[in-house]
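Take a look at the letters that make up each chain.
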Amino acid sequence: MKFYELIALIWILAGLAITLTWLILRHRRAQARAGPEVQSRAESAQLADLQARVDRMEQAPRTTD
């Protein structure tokens, strides 16, 4: 392998490493931005479920022993 081929190979590998690093960081940034949104949606779903349970309990016939 000649010197310029070695330099070209190193150049290509460095480019791949930079590209992969950039993609990973971009993906992590997108996940970090979506994290609170996903959490608030889950909390909203839990709150709706809890409200539905309370409504069913209030509508259920009361029995006294």
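Before reading on, note that the structure itself is shown above.
Computed from a prediction, not measured in an experiment: that's the story for all the values here. (Residues numbered from 1 in each chain as written. Predicted model: local features only at pLDDT ≥ 70, side-chain atom pairs only at ≥ 80, totals over all residues. Heavy atoms only, no water.)

Visitor: How would you sum up the overall build of the chain? Please name residues and give values.
Guide: Helix and strand content of the chain: one helix and zero strands. Relative to the globule expectation of 11 Å for 65 residues, the C-alpha radius of gyration of the chain, 28 Å, shows a markedly less compact shape. Counting only residues that meet the buried cut, the chain has 0% of its 65 residues in that class. Looking at the chain as shown, the accessible area adds up to about 6,500 Å², and 63% of this sits on carbon and sulfur atoms. Of the charged side chains in the chain, 9 are positive and 7 negative; the average position of the first set lies 14 Å away from that of the second. (Helix = DSSP H or I, 4+ residues; strand = E, 2+ residues; numbered from the N terminus. Rg over C-alpha atoms; globule rule 2.2 N^0.38 Å. Buried < 20%, exposed > 50% of the residue type's maximum accessible area, 1.4 Å probe, protein only. Areas by Shrake-Rupley, 256 points an atom, 1.4 Å probe, with all protein chains shown as cover. Lys, Arg positive; Asp, Glu negative; His and termini not counted. Charge placed at Lys NZ, Arg CZ, Asp CG, Glu CD.)

Visitor: Tell me about a nonpolar patch on the surface, and name the residues and values.
Guide: A contiguous nonpolar surface patch, about 940 Å² in accessible area, is contributed by Met-1, Phe-3, Leu-6, Ile-7, Leu-9, Ile-10, Ile-12, Leu-13 and Leu-16. Mapped onto the fold, Leu-6 is located in helix α1 (residues 3-59). (Patch = residues over 30% accessible without salt bridge, like charges linked within 9 Å, V, L, I, M, F, W, Y side chains within 5 Å. Salt bridge = Lys/Arg side-chain N within 4 Å of Asp/Glu carboxyl O.)

Visitor: Summarise α1; cite the residues concerned and give the values.
Guide: The terminal C-alpha atoms of α1, which comprises 57 residues, lie 83 Å apart, in line with the 84 Å expected from a rise of 1.5 Å per residue. At Ala-34, α1 shows its largest bend, some 35°, and a proline, Pro-36, comes one to four positions later. (Expected span 1.5 Å × (residues − 1). Bend = angle between axes of the 7 residues up to and from the residue.)

Visitor: Tell me what's going on with the pattern of salt bridges, and back it up with residues and numbers.
Guide: With the rule as written, the count across this model stands at one salt bridge. Linking Arg-53 and Asp-49 is a salt bridge whose minimum nitrogen-to-oxygen distance equals 3.5 Å. On the criterion of helical spacing, the pair formed by Arg-53 and Asp-49 is a turn pair, its members being four residues apart in helix α1. Taking relative accessible area as the criterion, Arg-53 reaches 46% and is therefore assigned partly exposed.

Shape is all these values report; function is a separate question.
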